[in-house]
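Here's the letter readout for the chains.
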Amino acid sequence: MKDKVVIVTGGAVGIGGAIVEKFADRGANVVIADIKAEQGERLIDTLKKKGSEAEFIWTDVSDRSEVENLMEKTVERFGRLDYAVNNAGIEGDQADTAACTEANWDRVLEINLKGVWLCMKYEIRKMLQTGGGAIVNISSVAGLVGFRNLPAYTSSKHAIIGLTRTTALEFAQKNIRINAVCPGVIQTEMIDRVTGNDPEKRKQYESMEPIGRMGRPEEVAAAVVWLCSDEASFVTGQAVPVDGAFTSE
Ligand SMILES: NC(=O)c1ccc[n+]([C@@H]2O[C@H](COP(=O)([O-])OP(=O)(O)OC[C@H]3O[C@@H](n4cnc5c(N)ncnc54)[C@H](O)[C@@H]3O)[C@@H](O)[C@H]2O)c1
């Protein structure tokens, strides 16, 4: 992936951070697009010390002009865009469908779904200028099965898969492959928030995983980097679970 250029949204920490590191290890130039400036800049410093070319661009993925600016700045800095990982997402509040507030619904859908669409809209335009590319959208096992008390999140993650399939069909003959990855329970700050760091609740989440443990961010990152690589040249329009058999039960 030497001299290839990748944007990772939500790349400052967690799964996105692991994806950023794996692309940099493969020699790619990396742009982190996130609202966490401090953590994002810190990761950029670490990558630069290891000899990578990397840039942090503050971006709220739910804002059209900021997403457009992200693509312009990336191409200004690195000349092209080869890969994009639309990973930024929030879980929102935990409450059942009857208790879910309109504000929570709107916020989750704006970031998780509209954010992915906006990013793809402008990523694809840049990729078409240089003959193609590959995009991976981060959905979830909550994109494949129902998840109690997270109605907005679950809806957004299901919708990401529909959008991924549609866009893959639209650009299959333009040399842009588009896939989704559906992680199971992965140890990140998101899981710390959802469990409130309560040991009992953590155990409950661990026990959802037939494999007997939570996944690690780098285990998701490995699948994402493979999907972007030429080794996956015939794989497009798919929703790939990386889930320790979560959805096999
Ligand atoms: N952790 C899990 O168990 C799990 C499972 C399945 C799917 N996922 C998905 O993986 C992705 C990453 O999750 P994570 O666990 O690393 O979460 P995280 O909360 O640790 O990290 C999410 C990142 O997204 C960024 N972000 C949030 N809103 C943003 C916005 N509006 N614009 C730009 N960046 C924004 C945050 O600042 C943060 O850096 C999310 O889409 C999440 O839904 C996570």
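Remember, it's a predicted structure, so these values are computed and weren't measured experimentally.

1. Concerning the overall build of the protein
Phase 1: Along the backbone of the protein there are 8 helices and 7 strands.
Phase 2: The C-alpha radius of gyration of the protein comes to 17 Å, within 12% of the 18 Å expected for a compact globule of 249 residues.
Phase 3: Taken over 249 residues, the protein has a buried fraction of 48%.
Phase 4: For the protein, contacts bridging at least 24 residues in sequence account for 72% of all contacts bridging at least 6.

2. Observations regarding the packing of helix α1 (residues 14-25) against helix α8 (residues 217-228)
Phase 1: In the contact formed by α1 and α8, the axes pass within 8 Å of each other and the chain directions differ by 55 degrees. Between α1 and α8, the angle falls in the class oblique. By crossing handedness, the relation of α1 to α8 is classed as right-handed. Contacts from Gly14, Ile15, Gly17, Ala18, Ile19, Lys22 and Phe23 in α1 reach Pro217, Glu218, Val220, Ala221, Ala222, Val224 and Val225 in α8.
Phase 2: Counted by class, the contact of α1 with α8 contains 10 nonpolar, 2 polar and 2 charged residues.

3. Focus on the site of the ligand
Phase 1: Neighbouring the ligand are 28 residues; Gly10, Gly14, Gly89, Thr188 and Met190 lie closest to it.
Phase 2: Elements with a contribution of two residues or more to the shell around the ligand: α1 and α6 (189-195).
Phase 3: When grouped by side-chain class, the residues that make up the shell around the ligand number 14 nonpolar, 10 polar and 4 charged.

4. Thoughts on the nonpolar core
Phase 1: With 71 residues, the main nonpolar core has Val6, Ile19, Phe23, Val30, Ile32, Val85 and Val224 as its most contacted residues.
Phase 2: It is helix α4 (residues 102-129) that provides the largest number of residues to this core, a total of 10 residues.

5. A look at the pairing of strand β2 (residues 29-34)
Phase 1: By the criterion of burial, β2 is predominantly enclosed, with 6 of the 6 residues buried.
Phase 2: Across the two faces of β2 the burial is the same, with Asn29, Val31 and Ala33 and Val30, Ile32 and Asp34 all buried.
Phase 3: For strand β1 (residues 5-9) and β2, the ladder comprises 5 bridges, and the chain directions are parallel. Looking at β2, one finds that Ile7 is bridged to Val31.
Phase 4: Following the chain from β1 across α1 to the adjacent parallel β2, one finds a crossover that is right-handed.

6. Description of the sheet that holds β2
Phase 1: The 7 strands lie next to each other as β3-β2-β1-β4-β5-β6-β7, forming an open sheet whose pairing is parallel. Each having just a single partner strand, β3 (54-58) and β7 (239-242) make up the two edges of the open sheet. Sheet twist, expressed as the mean angle between neighbouring strand axes with direction ignored, is 20 degrees.

7. What about the packing of α4 against helix α5 (residues 151-171)?
Phase 1: At their nearest, the axes of α4 and α5 sit 9 Å apart, and the two run at 15 degrees to each other. Relative to α5, the element α4 lies roughly parallel. Handedness of the crossing formed by α4 with α5: right-handed. Residues Asn104, Trp105, Val108, Leu109, Asn112, Leu113, Val116, Trp117, Met120 and Ile124 of α4 pack against Ala152, Tyr153, Ser156, Lys157, Ala159, Ile160, Leu163, Thr167 and Phe171 of α5.

8. Focus on the pairing of β1
Phase 1: Most of β1 sits out of view: 5 of its 5 residues are buried.
Phase 2: Every second residue of β1 is oriented toward a common face, with Val5, Ile7 and Thr9 on one face and Val6 and Val8 on the other, all of them buried.

9. Let's talk about the environment of Lys22
Phase 1: Topologically, Lys22 is positioned in helix α1.
Phase 2: Overall, the presence of 22 C-beta atoms within 10 Å leaves Lys22 in the buried class.
Phase 3: For the pair Lys22 and Val225, spaced 203 residues apart in sequence, the C-alpha to C-alpha distance is 7.2 Å.
Phase 4: In contact with Lys22, other than residues within four places in its own chain, are Glu218, Ala221, Ala222 and Val225.

10. Thoughts on α8
Phase 1: Between its terminal C-alpha atoms α8 stretches 17 Å, which fits the 16 Å expected from 12 residues at 1.5 Å a residue.
Phase 2: Restricting attention to buried positions, one finds in α8 the residues Pro217, Val220, Ala221, Val224, Val225, Leu227 and Cys228. Axial view of α8: buried residues confined to an arc of 155 degrees, hence all on one face.
Phase 3: Those residues of α8 hidden inside the fold are in contact with α1, β4 (83-86), β5 (133-138), β6 (176-183) and β7.

11. Points about the environment of Ser233
Phase 1: With respect to the helices, strands and loops of the structure, Ser233 is situated in the loop between α8 and β7.
Phase 2: The exposed category is assigned to Ser233, around which 10 C-beta atoms lie within 10 Å.
Phase 3: For the pair Ser233 and Ile176, spaced 57 residues apart in sequence, the C-alpha separation works out to 9.9 Å.

Quick notes on the rules
- Residues numbered from 1 in each chain as written.
- Predicted model: local features only at pLDDT ≥ 70, side-chain atom pairs only at ≥ 80, totals over all residues.
- Helix = DSSP H or I, 4+ residues; strand = E, 2+ residues; numbered from the N terminus.
- Rg over C-alpha atoms; globule rule 2.2 N^0.38 Å.
- Buried ≥ 20, exposed ≤ 12 C-beta atoms within 10 Å, placed from the backbone.
- Contact = placed C-beta atoms within 7 Å.
- Axes fitted to C-alpha atoms, helices over the stretch in contact; angles between N-to-C directions.
- Parallel < 35°, antiparallel > 145°, perpendicular 65-115°, else oblique.
- Left-handed = near helix turned anticlockwise from the far one by under 90°.
- Nonpolar A, V, L, I, M, F, W, Y, C, P; charged D, E, K, R; others polar.
- Near = placed C-beta within 6 Å.
- Core = buried A, V, L, I, M, F, W, Y, C linked by C-beta atoms within 7 Å.
- Pairing = 2+ DSSP bridges.
- Right-handed = clockwise from strand over helix to strand, strands pointing away.
- Expected span 1.5 Å × (residues − 1).
- Arc of directions from axis to C-beta.

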